[in-house]
Amino acid sequence: MWISRLSLRNYRSYPELDLEFEPGVTTFVADNGTGKTNIVEAIGYLAHQRSHRVAFDAPLVNESAQTATVSALVNRDQRHATVEVSIQSKGANRARVNRSPVKMKEILGLVSCVVFAPEDLSLVRGEPAERRSWIDTLVVSRNPRYASVITDFERALKQRNALLKRLREERDPGLEATLDIWNMAYADSASELVFGRQKILADIVEPLQNNFAYIAADARLERQGIKARYDSRIDYSQVESATECRELLLAALERRRTTEIERGLTLHGPGRDDLALTIGDHPAKGYASHGETWSLALAMQLAGWDLLSSDAGSAAEQPVLVLDDVFAELDTGRRSRLASRITEAEQVFITAAVDGDLPKGLEGRKIGQERLLP
């Protein structure tokens, strides 16, 4: 797929911006602070309904307005659709497809995009929540119905934690009886999410290993191999269905019932799990060098792009690939190898502060500072 037109209204620094694109590579080259990252952030927002830079939406709306609008014309062979999101500084966001109002969840999958940015170093260095968010984004990109699963899980977790806190203060038998009801509701959505993550991880390990070995080709041989494992207090390694995940989770909740009530907190489930990443014989977090951290984060996003592209089956359904200020941090070898990989995508957007940050020989259309200034 590719985007032929992008329109921003009151989005970040842009009161108004309209750009037209072609398939292939488009580079935005301008000084830091010009607004080039705002453009690729908006593209990612249409795909994932969240920013890769901030955790909530208010900063996306220009300070002079209450609503920001992002609209894109998306092309898949001879099929075209205009996808639009109105982002509210307060209140619920709204979506339209070809000018007709739709629910926000109905636009998931209409824009497919994989974004790599410096913030993604937290996939290696950061807390488990960063890695959970990465794999959940892939789960939803691959199957949009999981957006509702995650919403149900978060709602059940919130209600269950509230009940556990009340029980910590007062062990009322009648109140405790309702815990079984919330256990079931929690386990239903949590087990689906865990199994969805397991399926993604099983399919992404090989492309993840291949991408890391390729990008880090000049590293010592023993530092070119990586492993990725789903890390949980519950052993899901032998499960073959969400139902089996559910039974294991319910058993764990029953075992830790007293402890959870004493602590007023849910101790098992997808919100506690992690993705264990290993380079050579050591955990990536805490042991990886700066170059290895960049290589692994890049490999994770490229592996996600490979997985979604393989599912798509044709260039017409391939995700758009976004590289936000990435090349400046890479050495010449990694820069060149990454450039050769991204040309496989039907459409690529790249931001850079200066031409010197881009790989030599990278072809495509350049949009300069004079066009990007608000």
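Once a new chain begins, its residue numbering starts again from 1 and follows that chain's sequence as written. Restriction of local features to residues with pLDDT of at least 70 applies here, the model being predicted, together with a cutoff of 80 or more for giving and counting side-chain atom pairs; totals for whole chains, interfaces and linings are based on all residues. Side-chain numbers here rest on the full set of heavy atoms in the structure, without hydrogens or water.

An unreviewed UniProt entry lists the protein under the name DNA replication and repair protein RecF, with Brevibacterium picturae given as the organism. UniProt positions are given in the numbering used here, feature names are shortened, and annotations may be inferred rather than shown by experiment. In its Sequence similarities (unreviewed entry) section, UniProt records this for the protein: "Belongs to the RecF family." Recorded in UniProt for the protein, the comment headed Subcellular location (unreviewed entry) runs: "Cytoplasm".

Engineer: Talk me through the packing of helix H9 (residues 290-312) against helix H10 (residues 332-342); I want residue IDs and the actual numbers.
Structural biologist: Here an angle of 0 to 180 degrees is reported between the N-to-C directions of two axes, which are lines fitted to C-alpha atoms, with helices fitted over the stretch in contact. The helix and strand labels rest on DSSP assignments: H or I over at least four residues marks a helix, E over at least two residues marks a strand, and numbering proceeds from the N terminus. Interhelical geometry of H9 versus H10 gives an angle of 5° and a closest axis separation of 12 Å. Viewed along their axes, H9 and H10 adopt a mutual orientation that is roughly parallel. Counting all contacts with H9, which are made through Gly291, Ser295, Leu298, Leu302, Trp305 and Asp306, the residues of H10 involved are Arg334, Leu338 and Arg341. Class assignment for the residues of the contact of H9 with H10 results in four nonpolar, two polar and three charged. Each angle is binned into one of four classes, with values under 35 degrees roughly parallel, values over 145 roughly antiparallel, values of 65 to 115 roughly perpendicular, and all other values oblique. Contacts between residues were defined by any pair of non-hydrogen atoms, one from each residue, lying within 4.5 Å. Lys, Arg, Asp and Glu make up the charged group, whereas Ala, Val, Leu, Ile, Met, Phe, Trp, Tyr, Cys and Pro make up the nonpolar group; the residues left over, Gly among them, are polar.

Engineer: Before we move on, can you summarise the nonpolar core with the specific residues and values?
Structural biologist: Across soluble globular proteins, nonpolar side chains show a tendency to be buried alongside one another. Among buried residues, those of type Ala, Val, Leu, Ile, Met, Phe, Trp, Tyr and Cys that are joined through side-chain atoms within 4.5 Å constitute a nonpolar core. Exposed residues in this analysis have more than 50% of their type's maximum accessible area, buried residues have under 20%, and partly exposed residues fall in between, with area computed by a 1.4 Å probe over protein chains only. Among the nonpolar cores identified, the biggest contains 72 residues, and Leu296 and Leu338 are the most heavily contacted of them. No other element matches helix H5 (residues 173-215), which puts twelve residues into this core. Not counting residues within four places of it along the chain, the set of residues in contact with Leu338 comprises Leu298, Leu302, Leu323, Val326, Phe327 and Leu330.

Engineer: Lay out the sheet that holds strand S4 (residues 67-76) with the relevant residues and their values.
Structural biologist: Strand order across the open sheet formed by six strands is S2-S1-S4-S5-S6-S7, with antiparallel pairing between neighbours. Looking at strand neighbours, the two that pair on one side only are strand S2 (14-20) and strand S7 (100-102), the edges of this open sheet. Sheet twist, expressed as the average angle between the axes of neighbouring strands with direction ignored, equals 20°. Only strands joined by at least two bridges in the DSSP assignment are considered to pair. Alignment of strand S6 (residues 94-97) against S7, held across three bridges, turns out to be antiparallel. Along S7, the bridge assignment pairs Arg96 with Pro101. Along the sheet, helix H1 (residues 36-48) contacts strand S1 (2-11), S2, S4 and strand S5 (79-88); its crossing angle with S1, the most-contacted strand, is approximately 110°.

Engineer: Quick one: what's the story with the packing of aromatic side chains, residue by residue and with numbers?
Structural biologist: Here a ring pair, both rings aromatic, is described through the centre-centre distance and the interplanar angle of the planes. Only rings of Phe, Tyr and Trp enter the pairing, Trp through its six-membered ring, and a pair is recorded when the two centres are within 6.5 Å. The plane angle decides the type: under 30 degrees is stacked, over 60 is edge-to-face, the rest tilted. Taken as a whole and assessed by the stated rule, the structure comprises six aromatic pairs. Taking the centre distance of 6.1 Å and the plane angle of 20° together, the rings of Phe28 and Phe349 count as stacked. On the criterion of sequence distance, the pair formed by Phe28 in strand S3 (residues 24-29) and Phe349 in strand S13 (residues 347-352) is long-range, its members being 321 residues apart. For Phe349, a relative accessible area of 0% puts it in the buried group. Relative to Trp294, the ring of Phe116 lies with its centre 5.7 Å away and its plane at 65°, an arrangement referred to as edge-to-face.

Engineer: Give a description of the sheet that holds strand S12 (residues 320-324) that names residues and reports values.
Structural biologist: On the basis of which strands lie adjacent, the open sheet formed by five strands has the order S8-S12-S13-S3-S14 and parallel pairing. Two strands bound the open sheet, and with one partner strand each, they are strand S8 (113-116) and strand S14 (365-367). The mean inter-strand angle of the sheet, taken between neighbouring strand axes irrespective of direction, is 15°. Where S8 and S12 come together, four bridges link them in parallel fashion. Of the residues in S12, the one forming a bridge with Val115 is Val322. Across the sheet, H9 lies against S8 and S12, angled at about 175° from S8, the strand it touches most.

Engineer: I'd like a description of H10, backed by residues and values.
Structural biologist: Because each turn of an α-helix spans 3.6 residues, side chains separated by three or four positions in sequence point in the same direction. Of the residues making up H10, those classed as buried are Arg334, Arg335, Arg337, Leu338, Ala339, Arg341 and Ile342. Looking at the buried side of H10, the elements it contacts are H5, H9, S12 and S13. Any pair of nitrogen or oxygen atoms within 3.5 Å is treated as a polar contact; in protein, a donor-acceptor pairing is required on top of that, and neighbouring residues in sequence qualify only through side-chain atoms on both sides. One side-chain oxygen of the residue at the start of H10 lies 3.2 Å from the amide nitrogen of Gly333, identifying that residue as Asp331.

Engineer: How would you sum up the pairing of S5? Please name residues and give values.
Structural biologist: One ladder, built from ten bridges, connects S4 with S5; its direction is antiparallel. Bridge pairing in S5 places Ala72 opposite Val83. Hairpin connection from S4 to S5: two residues lie between these consecutive antiparallel strands, with Asp77 at a positive phi of about 55°. Sheet analysis places S5 next to S6, joined by four bridges and oriented antiparallel. Across the sheet, Ser86 pairs through a bridge with Arg94, a residue of S6. Linkage of S5 to S6, two consecutive antiparallel strands, is achieved through a turn of five residues, within which Gly91 is found at a positive phi near 100°.

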